[in-house]
Structure formats: structure tokens, C-alpha cells
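Below, each chain spelled out in residue letters.
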Amino acid sequence: MHRGVTFALAAASFMVAGIGVAAGNIEGIAHTCNNCHGYNGVSAGGSMPSIAGLPEAYLKNIMTEWKTGKRASANMTRLISGYTDEEIAGLAEYFSKLPWTPVAQKLDPKLIERGKQASQGCAGCHGPTGKATMAGTPNLNGQMAKYIELELLKYKDESFAMPSAMMRMVVKPLKDEDIPAIAAYYASQQ
Amino acid sequence: MSPFDRRQFIKALAAASSVPALAFPAIARAAAKGKVVVVGGGYAGATAAKYVRLLDDKIEVTLIEPNKTYVSCPLSNEVMVGHRDIKTIEYGYGGLEKRGVNVVHDFVTAVDRAKKTVTTKGGKKFAYDALVMSPGIDFTYQGIEGYSEAVVEQFPHAYKAGPQTLLLKKQLEAMKDGGVFVIVVPKAPFRCPPGPYERASLVANYFQHHGKKKSKVIILDANDSHSKKGLFNQAWAKLYGWEKEGLGTNGMIEWVKGAEGGLVTMLDAKTKTVSSDFVEVKADVLNIIPTHKAGRIAFQAELVGTSGNNFEQGWCKVEPMTMASAVDANVYVVGDACVAGEMPLYGNPGAAFDMLKSAHIAMTQAKVAAAAIVARLNGLAPPEPVYANTCYSVVGDGYGISVAHLYRVVNGTFKYVPAGSGVSMMTMPDKSPVPPIYRKLEAEYTDGWIRNVLADAFA
């Protein structure tokens, strides 16, 4: 078998913060995302999400919201603001076309059981086992547990600007102990 | 993803691309397209070896590294204060071997750039079409009278992770309450620019948790400013009683800048006392970080600058498009040994030459070099790189901060992109304090980051 070698050659030009830059090489940029999100977008670090195989519209929207200041992030708002809209679209397309890969994790069975009960409000969109049932909704099966927990904390903490009213509504009544449990439950699903 | 899927995917992506005039040229499929030798198996070298293989498995890749286990410098401060086991920052080379990298545990003694060969201590010789040099750093041990390599066990630097980290840990643990832990910081450039200040934070945190609240950390800094200074000072004020710069304050951490006596020039090993033109400090634990230069083999290969300022002399200049050495197009220098780019470093215009020396940017550089090498060996032009960096520092319990950097290549030079760069927020946009969740998230992200960079480089 041969491995295809590909490079995007720059053609069009875009402006970033007054600097004219060539567009292209989405794969090259995507490789730099792997540093934190794992090789091919599949995470090996609990607090960092896998991004391979998430819906294209979801990825594009999230990055655009960071860039335009509609969505808070402790860190991504900075790096993403340096990329062009075309690069953001290209990255969303690139990672959405990689396969969704649930990651096996060491998790507490009691927590998983509690999470199964507590996650019923999530199932409508994310599916009872984390396989999203609604277009544009991210899968949660085998997503990193710590990451899910931290996302839920962001929605619960009103000081953190998260734009989804639906998520806020569903997360608000959750007990603090339910949050790591829901995270463990979805992370355990393959 | 199988190689077949990958090719299909890229074809599909090219066809579906909404960006006009993007081209993904088809590649010739000749057998054994060339030989790549990588010298040094840290973050940069491991990543370069892996990504060359991933982009084109018809290229032969040999990685030469003396050690069988890599110990990460990032997060080694957490090992030093007992927050994590050293095993959590170690990695072997089996993952690279599985990807078809020929891993040789040996010590490179000579690079012959004219003959394009690399010779090892074990008497082996390797020919290359492209050479990746990732030798990391060495220390000069110069500038402090009474200090030399001979005393590094007594005064550990802990700036190459491993035994040195554990040595400093032991000294910290043995220090009595009321003791003084002194960190001597060399003139820039040095690897991990926030490292000494993260270390000071974690040592103060250690004092709080281990009944040593009367102890102090004193940073004697050869420089007049440092990485994430505003954020560190803010965190120190919140967590460790920081008042202001200079000696004799009430906080657990004191910082003395170069211009006010931080530039240490003398060590009295007998009394563990360091001094400069203006100050003299007696330490209980003395952590001297020596000045840095590119790794030894970069000097033998004559890839280092021999004149100019701190950022030019002793470091390897590279071409922005490819990470190729400025003096040899067949050699690519990645990681801490290179100097790359414009970076207005802490407001010091004389220091405006460097990308930060971090594991994260080292891996980005390695991926750029890998793509450029694969392009060249396939007779293609290199793709346009974008360089991204992230440095997290954990400064207290559930308290993390970071800095991000983005660089592009414009007209053949590195261009720092301020829009994609910057430190964690000091305040919210309306000037209110940053809610604790931001700091908690970044502390958590630090752990996710280390797991992923290690896996991305070595697995």
C-alpha cells in the first residue's frame, strides 16, 4: 500500500490582523492541533477533547464563536483569532471527515451507574449512549471524561459565557455530584 | 485510518474544498525515496521522525538517541514538588519503532555535512538525504565565578529532567521551615521561559502544604522581565503574599531583576551564598540554572552562529518556510537548539529573535520540517507553514495560566501574529476579576496537554 502524500499549495491570499497570508495547507495546520487534541484529533489527555469526527457545522461554529467573542474559552479564543475564516472552515471540514473514535478510559463503575441515571436529560440530543441523535450535535460516547465534566462546569458557572441556552437549561438543575458521573457515563460508552 | 482511506480522504477533501484554487498534487510512488536521519529523540526529534513516516512511508527514517527512556522537561516542576510521579512524564521509543522508525540507541559523535553522514560512538555510520538535528540544549556553566559543571549535584539545575529533578526534590524536602530556596535564572534565551517562575510558584505551594510557611523562594534573575510576568505576579499576590519586586518583602516569593542585583556573578559553594554587584543571598537550597547554548553536536556540525547577540551566538539559525538550517539546505534544525523568528521578548529589543523554546513549538517546528522534507524528497515545493505555540504553567492548586503564540511566514520571514497570541486574561473585559473557573480550567488543561504532546510525539 502506498501512503498518499499531499500538500496544499497556497494560491489565494487573506488578511490576518493586517498581515497578508497565503491560504492553504489545512493539513499542516491540523497537525499542530494534534499537539493538544491528540494524534489525528483523538485525545490521550483527559481534559482535552477528541475532535476527530465531530460534526463539521459544530466545529466551525465553535471556532467562529471563539473568534468573534460569542463563546468564552480559557485559551482557544486566543489561538483561533489568528486563523482566517477560510482556515477555520478548512479545519472543521478536515476534522469532521476523520472517524469518530471513542477512547477507552479508566472510570469508576459506581460513577458510571449514577451517571446513567443522571444523564436522562442529555439523551434527547446526545443519545442515550452518547451517539448524537440530532444533526450538528457532538457525540459523547468515549469522549474524554474530564473534558465532559469541565464543559458541564462551564455551563453551570454563570460567569462563563457559553452561548447554548438549551445546554444552560439542562445543566442548571444538575447536582454537583451528577456532573462527574454524567461525564464518566458517556466516557464509558463505546 | 488506513493509508488507503487517507489517500481517498485527501482526494475527497481536494474535490470538496470550498477554498478556490487549492491543489493537492498527486505524488509519484517510487520505491525507497530517500533516507532521513534524526539526531536527538526529545519532543522535536521524535515528532519529526514520526511525521515523516506518517506523510510518506517510502522514506527511511533513523532516529539516534542515547537514552532508552525520555523524561519530559515540561511538567517536571510538578514532579519536583511531589504533585506527580516521574513515571507520568516518561516515554519510551517503542511507539516510533512500530511506525517503522529505525531507533538506534547510540551517541552521535560527528556529522559530516560534506559527505552527508552521521557517525556514532558505537562506530556506526549513517548516510542521509535529509538530516534533522534536534540536539536540545547544553549548558555553558559560564558567568558565575566559583560555579562549574563539577558542582551541579550540590546545586542542581533541574533544567534537564531526570536525576537532576529528583535531586532538587530531595533537597527541597530536606529543607527546614524558615529556609531559603534560591533560583538563579540565566540570561535569555533559555528553554521554557516561564519555567523558573512556575518552579517558584510550585515551591511556595509546597511550603504551604508541608508545614514550611516561614520559608522563602528568592529568584535572582539575570533578566529585567520575564514570561507571563503580570499573571505570575497576580497569582503570587493571591496565593503567596507577593508584595512587590526586590528583596526583603513579606511574601513567600521574592524576585530580583538583573538591573537591581539579580545578575549573579559569584558563588561561594562552602556557604551556599550567591552574590551580584548589589546583593548577597545565602541559600538553604540553591538551584542554579546555567546559561544555555545549542546541544553539543550542533557545534561539531558547525550549524551555530559564531557572532552577534545572545540569540544568535551559540544557536542555529533556520529558514522560516522549512526549518532548514541557514547554512545547509539538507539539514533541518528543530527544537530548543534553533533560533527562529521575530518575537518581542519581554520588551527587550535586543532579544527580538526567538520563538520561545518550548516543547509545543518544538513539535510544531518538527511537523513543519517533516512536511518540508517529504515535499523535497518527492520533488515538491514545501507547504506554507503556520507555527503555533502554547505554554501552560500551574502556579497553585487549581490555578493555571498560559501563553499562546502564532507565527506565519511572510515574505520569507517569521511574522508574529498578535491576533492569535497572548496570555490568559488578567481581568475580564469590563475590568472585573477573572472568575476562578478560568484558572481551574487551565490547570486541568495542563495535564491534558502533557498526555497529548507525549502521545503525539512518541506513541
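Check the entry above for the structure.
The sections below set out a description of the structure shown in this document. (Residues numbered from 1 in each chain as written. Chains lettered and ligands numbered in written order. Predicted model: local features only at pLDDT ≥ 70, side-chain atom pairs only at ≥ 80, totals over all residues.)

1. Examining the overall build of chain B
We count it as follows: Strands here mean DSSP runs of E at least two residues long; helices mean DSSP runs of H or I at least four residues long; both are numbered from the N terminus. Two things to know: the radius of gyration comes from C-alpha atoms, and the globule rule equals 2.2 Å times the number of residues to the power 0.38. The burial criterion counts other C-beta atoms lying within 10 Å of a residue's C-beta, which is placed from the backbone; the residue is buried at 20 or more, exposed at 12 or fewer, and partly exposed between these limits.
Within chain B, the secondary structure is distributed over ten helices and 26 strands. Here the C-alpha atoms of chain B give a radius of gyration of 23 Å, agreeing with the 23 Å that 2.2 N^0.38 yields for 459 residues. Dimensions along the principal axes, computed over C-alpha positions, put chain B at roughly 70 × 55 × 40 Å. The 459 residues of chain B split such that 54% are buried.

2. Quick look at the overall build of chain A
Assigned secondary structure in chain A consists of nine helices and two strands. When the helices and strands of chain A are listed from N to C terminus, the series reads β-β-α-α-α-α-α-α-α-α-α. Expressed as a percentage of the 190 residues in chain A, the buried residues total 51%.

3. Points about the sheet that holds strand 17 (residues 285-288) of chain B
Residues and elements named next belong to chain B. For clarity, the cut-off: Strand pairing is assigned whenever DSSP identifies at least 2 bridges connecting the two strands. Orientation is described by lines fitted to C-alpha atoms, with helices fitted over the stretch in contact, and by angles between N-to-C directions that extend from 0 to 180 degrees.
The parallel open sheet is built from four strands, whose spatial order is 13-12-11-17. Of all the strands in the sheet, the pair left with one neighbour each is strand 13 (253-256) and strand 17. Taking the axes of each pair of neighbouring strands and ignoring which way they run, one obtains an average angle of 15° across the sheet. Across six bridges, the pairing between strand 11 (residues 180-185) and strand 12 (residues 216-221) is parallel. Counterpart to Val 182 in the pairing with strand 12 is Ile 218.

4. Focus on the packing of helix 2 (residues 43-55) of chain B against helix 9 (residues 359-377) of chain B
All names here are of chain B. Formally: Left-handed describes a crossing whose near helix is turned anticlockwise from the far helix by less than a right angle; the clockwise case is right-handed. The contact criterion used here is simple: two residues whose C-beta atoms, placed from the backbone, lie within 7 Å are in contact. Under the grouping applied here, Gly and all other residues not named as nonpolar or charged are polar, the nonpolar ones being Ala, Val, Leu, Ile, Met, Phe, Trp, Tyr, Cys and Pro and the charged ones Asp, Glu, Lys and Arg.
In the contact formed by helix 2 and helix 9, the axes pass within 8 Å of each other and the chain directions differ by 35°. Every pair of crossing elements has a handedness; the one defined by helix 2 and helix 9 is right-handed. Contacts from Tyr 43, Ala 44, Thr 47, Ala 48, Tyr 51, Val 52 and Leu 55 in helix 2 reach Ala 359, Ala 362, Met 363, Gln 365, Ala 366, Lys 367, Ala 369, Ala 370, Ala 371, Ile 373 and Val 374 in helix 9. Here the residues of the contact of helix 2 with helix 9 are counted per class, giving 15 nonpolar, two polar and one charged.

5. Observations concerning the environment of B:Ala204
Inspection of the secondary structure assignment puts B:Ala204 in helix 6 (residues 195-209). If we ignore the near neighbours within four places in the chain, the residues touching B:Ala204 are B:Val217, B:Tyr240, B:Met252 and B:Ile253.

6. A few points about the sheet that holds strand 9 (residues 130-133) of chain B
Residue and element names in this part refer to chain B. Read from one edge to the other, the open sheet built from six strands follows the order 5-2-1-9-21-20, with strand pairing classed as mixed. Each edge of the sheet is formed by a strand with only one pairing partner; in this case those strands are strand 5 (102-104) and strand 20 (324-325). Bridge analysis of strand 1 (residues 34-39) against strand 2 (residues 59-64) gives six bridges, and the strand direction is parallel. When the bridges of strand 2 are listed, Lys 35 appears paired with Glu 60. Its contacts with the sheet put helix 2 on strand 1, strand 2 and strand 9, and the angle it makes with strand 2 is roughly 165°.

7. Some thoughts on unusual backbone geometry
All names here are of chain B. Here the bond from Ala 188 into Pro 189 is cis, since omega is 5°, no more than 30 degrees from zero. You can see Pro 189 is positioned in the loop between strand 11 and helix 6. In this structure, Asn 411 takes a positive phi of about 50° despite not being glycine. Tracing the sequence through the fold places Asn 411 in the loop between strand 24 (399-410) and strand 25 (413-416). What makes Asn 411 exposed here is the crowd of 7 C-beta atoms within 10 Å.

8. Description of helix 5 (residues 163-174) of chain B
What counts, and what does not: A helix's residues, less one, multiplied by 1.5 Å, set its expected span.
In this model helix 5 of chain B runs 17 Å from its N-terminal to its C-terminal C-alpha over twelve residues, within 8% of the 16 Å that 1.5 Å per residue would give. Looking at the packing, one finds that the buried side of helix 5 of chain B touches helix 3 (76-80), strand 11, helix 6 and strand 17 of chain B.

9. With respect to the pairing of strand 1 of chain B
All names here are of chain B. The condition is simple: With the strands aimed away from the viewer, a crossover counts as right-handed if its path from the first strand over the helix to the second runs clockwise.
Crossover strand 1 to strand 2 through helix 2 is right-handed. Judged from the four bridges that link them, strand 1 and strand 9 form a sheet pairing that is parallel. Counterpart to Val 36 in the pairing with strand 9 is Ala 130.

10. Quick word on the environment of B:Tyr159
All names here are of chain B. Mapped onto the elements of the fold, Tyr 159 is located in the loop between strand 10 (137-139) and helix 5. In this structure Tyr 159 comes out as buried when scored by C-beta crowding, with 25 C-beta atoms within 10 Å. Considering only alpha carbons, one finds Tyr 159 and Ile 218, 59 residues apart in sequence, at a separation of 17 Å.

11. Looking at the environment of A:Ser164
Along the chain, A:Ser164 turns up in the loop between helix 7 (145-156) and helix 8 (165-171). Once the C-alpha coordinates of A:Ser164 and A:Arg71 are considered, the two residues, 93 residues apart in sequence, prove to be 9.2 Å apart.

12. Some details on the pairing of strand 6 (residues 108-112) of chain B
All names here are of chain B. In terms of strand pairing, strand 6 meets strand 7 (residues 117-120) through four bridges, oriented antiparallel. Bridged to Val 111 within strand 7 is Val 118. If you look at the hairpin formed by strand 6 and strand 7, you'll find four residues sitting between the two strands, and Lys 116 has a positive phi there, around 55°.

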